[in-house]
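Understanding the architecture of this molecule
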Amino acid sequence: MAWRGLAQRGWGCGQAWAPPAGGRSCEELTAALGQPRLLGRRFNVFIQQKCGFRKAPRKVEPRRSDTGTSSEAYKRSALIPPVEETAFYPSPYPIRTLVKPLFFTVGFTGCAFGSAAIWQYESLKSRVQSYFDGIKADWLDSIRPQKEGDFRKEINKWWNNLSDGQRTVTGIIAANVFVFCLWRVPSLQRTMIRYFTSSPASKVLCSPMLLSTFSHFSLFHMAANMYVLWSFSSSIVNILGQEQFMAVYLSAGVISNFVSYVCKVATGRYGPSLGASGAIMTVLAAVCTKIPEGRLAIIFLPMFTFTAGNALKAIIAVDTAGMILGWKFFDHAAHLGGALFGIWYITYGHELIWKNREPLVKIWHEMRTNGPKKGGGSK
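Residues numbered from 1 in each chain as written. Predicted model: local features only at pLDDT ≥ 70, side-chain atom pairs only at ≥ 80, totals over all residues. Heavy atoms only, no water.

As for the nonpolar core
Counting 61 residues, the largest nonpolar core has Trp-183, Leu-229, Ile-236, Phe-245 and Tyr-249 as the members making the most contacts within it. Listing elements by their share of this core, those giving two or more residues are helix H5 (99-143), helix H7 (164-183), helix H8 (189-195), helix H10 (219-240), helix H11 (242-267), helix H12 (277-290), helix H13 (308-325) and helix H14 (332-352). Sorting elements by how many residues they give to this core places H11 first, with 11 residues. Discounting residues that sit within four places of it in the chain, Tyr-249 has contacts with Ile-172, Thr-213, Leu-229, Ala-276, Ala-279, Ile-280 and Val-283. (Core = buried A, V, L, I, M, F, W, Y, C linked by side-chain atoms within 4.5 Å. Buried < 20%, exposed > 50% of the residue type's maximum accessible area, 1.4 Å probe, protein only. Helix = DSSP H or I, 4+ residues; strand = E, 2+ residues; numbered from the N terminus. Contact = heavy atoms within 4.5 Å.)

Considerations on empty space enclosed by the protein
Which parts of space are left empty comes out when a probe the size of a water molecule is rolled across the atoms. Scanning the model with the defined rule gives three cavities of 30 Å³ or more in all. Among the elements of the structure, H11, H12 and H14 are those that each provide at least two residues to the lining of the largest cavity. Class assignment of the residues belonging to the lining of the largest cavity gives a composition of 10 nonpolar, 13 polar and two charged. (1 Å grid on protein atoms, 1.4 Å probe; cavity = no way out; pocket = protein on both sides within 12 Å on 5 of 7 lines; lining within 4 Å. Points joined across faces, edges and corners; volume = space filled by probe spheres on them. Nonpolar A, V, L, I, M, F, W, Y, C, P; charged D, E, K, R; others polar.)

Things to note about the packing of aromatic side chains
All told, the structure shown has eight aromatic pairs when counted by the stated rule. A ring pair is formed by Phe-104 and Phe-108, whose centres lie 5.9 Å apart and whose planes are at 25°; its orientation type is stacked. With a gap of four residues between them, Phe-104 and Phe-108 both fall in helix H5, about one helical turn apart. Of the residues examined, Phe-108 reaches a relative accessible area of 18% and is grouped as buried. Counting every residue linked through ring pairs, the aromatic cluster contains Phe-113, Phe-341, Trp-344 and Tyr-345. One residue, Arg-184, lies across the ring of Phe-180, its end atom 4.6 Å from the ring centre. Between Arg-184 and the ring centre of Phe-217, over which it is positioned, the NZ or CZ distance is 5.1 Å. (Phe/Tyr/Trp six-rings, centres within 6.5 Å; stacked < 30°, edge-to-face > 60°. Lys NZ or Arg CZ within 6 Å of the ring centre and 35° of its normal.)

Topic: the layout of surface pockets
Here the largest pocket is characterised by a volume of approximately 1,400 Å³. For the largest pocket, the lining is made up of 37 residues, of which Ala-224, Val-228, Leu-284, Ile-298 and Ile-315 are closest to its centre. Per element, the largest residue contribution to the lining of the largest pocket is 10 residues, and it comes from H10. Considered class by class, the residues forming the lining of the largest pocket number 27 nonpolar, eight polar and two charged.

A look at the pattern of salt bridges
Scanning the entire structure with this criterion turns up four salt bridges. The partner of Asp-164 in a salt bridge is Arg-167, and the shortest N-O contact between them spans 2.5 Å. Linking Asp-164 with Arg-167, this pair stays in helix H7, spanning three residues, or about one helical turn. Given a relative accessible area of 23%, Arg-167 falls into the partly exposed group. (Salt bridge = Lys/Arg side-chain N within 4 Å of Asp/Glu carboxyl O.)

Quick notes on a nonpolar patch on the surface
Taken together, the side chains of Tyr-227, Ile-298, Ile-299, Leu-301, Met-303 and Phe-304 make up a nonpolar region of the molecular surface, amounting to roughly 620 Å² of accessible area. Looking at the element boundaries, Leu-301 is found in strand S2 (residues 301-307). Take Leu-301: its relative accessible area is 38%, and that puts it in the partly exposed class. (Patch = residues over 30% accessible without salt bridge, like charges linked within 9 Å, V, L, I, M, F, W, Y side chains within 5 Å. Areas by Shrake-Rupley, 256 points an atom, 1.4 Å probe, with all protein chains shown as cover.)

Re the UniProt feature "transmembrane region" (unreviewed entry) in the chain
Listed under "transmembrane region" (unreviewed entry) in the UniProt record, and renumbered for this structure, are residues 102-121, 165-183, 204-224, 244-262, 298-317 and 329-347. For residues 244-262, the end-to-end C-alpha separation is 27 Å, with 100% helix and 0% strand making up the annotated structure. (UniProt positions renumbered as here; feature names shortened; annotations may be inferred.)

Some thoughts on the environment of Val-237
Mapped onto the elements, Val-237 comes out in helix H10. Its relative accessible area of 6% is what places Val-237 among the buried residues. When the C-alpha positions of Val-237 and Gly-165 are compared, they lie 5.1 Å apart, and in sequence the two are 72 residues distant. Once you skip the residues sitting within four places of it in the chain, Val-237 turns out to touch Asp-164, Gly-165, Thr-168, Gln-242 and Phe-245.

Take a look at the structure:
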């Protein structure tokens with residue numbers, strides 16, 4: 001009797017326990033079955049315990065990290081789009097999420113530099129032909145009547161007055177402006193958040209590492225980045241050349257996003273990131289490393305100047321502090337990764353990568369000269 005009473009108090013059907021949906025209560029089930037003659041009271045106790053284990057269904061709530069959801073953590077930054085509708089959850093195996101981005105980073109970097117080497121080869125071949133074409137065009141222009149106020153002529157004049165670096169980054173700036181306009185289309189918001197913002201908690205991991213480099217949600221963010229890129233374009237292209245610069249810039253965007261992925265997985269902050277800051281930090285760090293004695297100034301305070309070497313040290317210190325302290329306004333991990341990649345490439349990477357491109361160029365030259373080999377057949 002004592003054991004039965006304990007079972008009724010501890011495991012009986014009270015307010016904290018609910019019967020299964022569409023079923024009967026414990027008392028109704030016991031009354032329906034009746035009192036068995038052979039087993040006696042033990043059978044009644046067994047039924048009560050079994051019914052008592054049926055819990056009322058609970059609502060499953062999404063798991064939250066200690067730092068809160070990514071949207072709550074990144075609401076204070078005006079540089080990223082509002083992502084309240086997009087839920088990012090920590091992966092149960094966060095280290096595994098870095099495998100695909102790692103292979104994508106290595107593969108894309110290799111393809112970028114390989115394509116740049118082939119591009120330079122083709123460009124050198126076409127310069128001789130374009131030289132003679134230019135002489136012919138100048139002779140035809142001298143005997144052809146000139147049009148006054150021709151809009152195309154003015155555009156060509158403006159284009160020819162630009163430096164090689166400015167002409168190179170014009171396409172990059174145009175791509176950033178185009179993507180910025182896409183952000184203003186309401187029907188494309190979900191697509192833009194999915195493919196043009198990078199986060200290790202997103203379902204799409206690899207392509208946003210490149211596409212987010214051309215993505216800006218804030219006009220001020222885009223204007224500031226493009227101004228810095230335009231300012232350093234002539235110096236970086238004079239140092240690296242047009243083809244090598246494009247390979248470094250695109251690779252820097254992917255590498256800086258991978259560093260951001262690693263930091264987010266390590267800290268558990270899975271907020272989205274976007275912008276060309278990581279790639280631009282590579283350009284800035286490369287120029288400051290190559291010309292440390294150059295004088296720089298802040299756009300709003302042109303009267304204060306400082307050396308490029310000191311500016312680079314200050315930028316690295318600020319981004320390191322921001323990454324450690326968890327500042328959320330900028331993606332300091334991507335900035336720091338881009339700056340370190342720029343320093344490494346100017347110091348060691350140029351010798352290791354670009355100067356060893358000759359075997360690939362030879363293979364491409366043989367393919368262009370000999371063409372595809374045709375299989376022999378019997379006549």
